[in-house]
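Each chain, letter by letter, is given below.
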Amino acid sequence: MNVFLTKNRGLLLAYDQGLEHGPTDFNEKNVDPAFIMNLAVEGRFSGVIFQKGLAEKYYDGKVPLIVKVNGKTNLVKGEPLARQLCSVKRAAEIGAKAVGYTIFAGSAHESLMFEEFGRIQEEAHRLNMAAVTWVYPRGAAIKNDTAPEIVAYAARIGLEVGADAVKIKYPGDVESFKWAVKSAGKVKVFMSGGPKAASETDFLKQVRGALDAGATGLAVGRNVWQSSDPVRMAHALRRLVIENRSVKEALRA
Ligand code: FBP
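Residues numbered from 1 in each chain as written. Predicted model: local features only at pLDDT ≥ 70, side-chain atom pairs only at ≥ 80, totals over all residues. Heavy atoms only, no water.

Draft legend 1. Broad picture of helix H6 (residues 148-160). Relative to the 18 Å expected for 13 residues at 1.5 Å per residue, H6 spans 18 Å between its end C-alpha atoms, a close match to the ideal helical length. Among all positions of H6, only Ile150, Val151, Ala152, Ala154, Ala155, Ile157 and Gly158 are buried. Buried residues in H6 make contact with helix H5 (110-126), strand S7 (130-135), strand S8 (165-168) and helix H7 (174-183). Among the residues trailing H6, Gly162 stands out with phi positive, at a value near 90 degrees. (Helix = DSSP H or I, 4+ residues; strand = E, 2+ residues; numbered from the N terminus. Expected span 1.5 Å × (residues − 1). Buried < 20%, exposed > 50% of the residue type's maximum accessible area, 1.4 Å probe, protein only. Contact = heavy atoms within 4.5 Å.)

This is how it looks when you write it as structure tokens:
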């Protein structure tokens with residue numbers, strides 16, 4: 001994971017929403033993966049996250065790459081299942097330093113994703129790549145995916161399955177996130193961005209809370225590239241995450 005870290009912190013730009021949600025998340029500018037690739041560079045992100053198709057056509061090598069190797073659309077209803085779409089070998093050929101894989105814990109299909117991630121993690125480590133997992137508790141059995149005990153469970157799953165980093169939702173307060181970070185042990189914890197927050201300050205406060213709880217960083221998409229000024233937002237997040245500034249300081253400048 002070190003290639004993604006500065007002062008033991010990381011700020012990752014997520015752009016796999018085109019598959020997960022469809023173009024409904026996008027506007028005229030951010031629908032273009034080339035815009036996101038430039039943003040990753042200009043915004044001084046620690047890494048960028050693409051599915052294989054985007055990485056093959058748009059990745060320019062200027063920022064470390066995570067290739068998401070599974071995914072699903074939101075067109076299918078019912079218990080979530082995201083299967084492998086890209087081999088670890090192919091991700092390495094495109095230039096990825098890590099692979100990303102979503103596990104929908106709590107889904108009736110979780111065992112398939114656990115099995116697949118297990119294999120992918122071993123392959124990635126053989127190729128000296130990191131294995132990052134998005135652990136998203138989902139499905140009929142999960143009533144509230146940001147409940148503190150569910151978020152901590154997600155973090156712990158990252159440790160149990162051998163991930164180098166785990167991406168989890170923010171449960172809403174620092175104390176709950178502290179427990180989640182503790183539950184993840186030696187696994188680096190990244191807060192997942194989520195839908196665009198009511199204000200930039202609100203979002204930065206959440207991120208500050210996650211960092212104060214011990215998070216390594218943030219993997220963010222919509223709160224940056226849906227912003228009216230994505231580069232400015234990226235720089236504010238960098239000041240917060242990498243330079244460990246306060247929300248006020250991050251928003252100044
Ligand atoms: P966002 O910051 O836009 O939420 O991106 C983080 C992310 O984990 C993406 O990698 C993924 O596509 C998306 O959120 C999943 O969103 P949802 O929780 O709505 O399924």
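Picking up after the structure, the text goes on.
Draft legend 2. Representation of the nonpolar core within the structure. In terms of nonpolar packing, the biggest core is built from 87 residues, with Phe177, Phe203 and Leu237 touching the most fellow members. Phe177 has contacts with Val151, Ile168, Lys169, Tyr170, Pro171, Val189, Met191, Ala210, Ala213 and Ala215, leaving out every residue within four places of it along the chain. (Core = buried A, V, L, I, M, F, W, Y, C linked by side-chain atoms within 4.5 Å.)

Draft legend 3. Quick look at the packing of helix H8 (residues 200-212) against helix H10 (residues 230-241). Between H8 and H10, whose axes approach to 10 Å, the crossing angle comes to 25 degrees. With respect to H10, the axis of H8 lies roughly parallel. Relative to H10, the crossing made by H8 is right-handed. Facing H8, whose interface residues are Glu200, Phe203, Leu204, Val207, Arg208 and Leu211, H10 presents Arg232, Met233, Ala236, Leu237, Leu240 and Val241. Considered class by class, the residues forming the contact of H8 with H10 number nine nonpolar, no polar and three charged. (Axes fitted to C-alpha atoms, helices over the stretch in contact; angles between N-to-C directions. Parallel < 35°, antiparallel > 145°, perpendicular 65-115°, else oblique. Left-handed = near helix turned anticlockwise from the far one by under 90°. Nonpolar A, V, L, I, M, F, W, Y, C, P; charged D, E, K, R; others polar.)

It is worth stressing that arrangement in space is one thing and function is another; only the former is reported here.
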